[in-house]
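This is what each chain is made of:
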Amino acid sequence: MPEYYIEHENSSLSEYGIEFFIQIHSQKGYTARAHIHPAIEIIYINCGKYLISVDNEEMNASGGDLLFFRANTIHSIRLVGEESGSYYVLKINPSLLFHIFPGRGQMNMTSPFLLKRRDESAILRPHQISDGFKEIFGKMVESLEQDGDRFLITERALASLLLIEMLNNMLPEYDGGTEITEKNLSLIYECVDHINNNYASDISAEECANMLHISYSYFARLFRAVMGKTFKEYLVSIRLAKAKSILLSTNIPITDVALACGYTNLSYFIAEYKKAFGKTPKQVRKDISG
């Protein structure tokens, strides 16, 4: 398995705020290798059995399940059943939320899509999916036969209705806290991009706060609200995801893997890796070699 990659917006996401398509798979294996992107992603599994990895946690999903990935989460999808599979993918630019939900209640309406909760699953099972969602999603699937701008305008309108339905009937209510605005969201995503590109360096929350020209205390509070984890927790998750990928795909010495992922202390790296994945890097390498 190669290292995770950063997926950037295409023209559809940039211009219309959405991207919608279907993927069909006939053989077992990765259908989406580990990656990260600033878009919100909703995946409806049509059929097949899949293994989902989200921020280094694995879970099973199958036909009828709905996957909901908030922005900047490392995730991968692998077909594991013997039968073929398929799923629909809807990507949404977070900035679109601020156009769909304007006004004084904007914070409460956008936050369920943006703020991560530690105990919240990335999978909604069939009984958690409302009939309204299924009806609107069915219309989106029907419109896939259209082409060009008309298709994207139709999909954007339907995606807006879909998000409203999710807000009203499928997602937990926002319980207050740090105010999330489009500007603040952009600031945190700028910092996340900095982490993703400089995780191997000795970067700190103080450095990011200074880069964004805001106080450290405000930055720390805002980062945790948006990302669902502290700056350090997010940095560690990125470093360990990189380390896992390198260990699985190369024969690079473990000491060099640690250094490549920002760890100068080998013992600390091994302890952090075992805490996250239940095995030491050496045990992982041993499992691969058989």
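Our structure's up above, just so we're on the same page.
For the structure given in this document, a descriptive report is provided here. Think of each chain on its own: its residues are numbered from 1, step by step along the sequence as written. Where local features are concerned, this predicted model is filtered to residues with pLDDT of at least 70; where side-chain atom pairs are given and counted, the filter is 80 or more; whole-chain, interface and lining totals use all residues. Note: side-chain values were computed over all heavy atoms of the structure, leaving out hydrogens and water.

Bringing the side chain of Arg 70 into the picture now. Counting from the N terminus, the helices are DSSP H or I runs at least four residues long and the strands are E runs at least two residues long. Relative to the helices and strands, Arg 70 is located in the loop between strand E7 (66-69) and strand E8 (75-79). For this analysis, a polar contact is any N or O atom pair within 3.5 Å, provided that within protein one partner can donate a hydrogen and the other can accept it, and provided that sequence-adjacent residues contribute only side-chain to side-chain pairs. A polar contact is formed between the side chain of Arg 70 and the backbone oxygen of Pro 112, at a distance of 2.4 Å. Reaching out from Arg 70, the side chain makes a polar contact with the backbone oxygen of Phe 113 at a distance of 3.5 Å.

Let us look at the nonpolar core. The set of buried Ala, Val, Leu, Ile, Met, Phe, Trp, Tyr and Cys residues whose side-chain atoms join them within 4.5 Å is what this entry labels a nonpolar core. Only protein chains enter the accessibility calculation, which uses a 1.4 Å probe; a residue is then buried when its area is under 20% of its type maximum, exposed when over 50%, and partly exposed in between. In this structure, Phe 113, Phe 219, Phe 223 and Phe 231 are the most contacted members of the largest nonpolar core, which totals 65 residues. The leading source of residues in this core is helix H5 (residues 148-169), at 8 residues. In contact with Phe 223, other than residues within four places in its own chain, are Ile 188, Cys 191, Val 192, Ile 195, Gly 228, Lys 229, Thr 230, Phe 231 and Tyr 234. Residues Ile 52, Ala 61, Ile 77 and Tyr 87 belong to the second largest nonpolar core, which totals 16 residues. Whether two residues are in contact is decided by their heavy atoms, any of which lying within 4.5 Å being enough.

Take the sheet that holds strand E2 (residues 18-25) next. To summarise the sheet geometry, strands pair through backbone hydrogen bonds and adopt either a parallel or an antiparallel arrangement. Taken in spatial order, the 5 strands of this open sheet run E2-E9-E4-E7-E10, and their pairing is antiparallel. In this open sheet, the two edge strands, each paired with only one partner strand, are E2 and strand E10 (123-124). Strand direction decides the pairing type here: strand E4 (residues 40-47) and strand E9 (residues 85-92), joined by 7 bridges, are antiparallel. By the bridge assignment for E9, Ile 45 is matched with Tyr 87. In this description, a line fitted to the C-alpha atoms serves as the axis of each element, helices being fitted only across the stretch in contact, and the angle between N-to-C directions of two axes falls anywhere from 0 to 180 degrees. Its contacts with the sheet put H5 on E2, E4, E7 and E9, and the angle it makes with E2 is roughly 90°. Pairing between strands requires that DSSP locate at least two bridges from one strand to the other.

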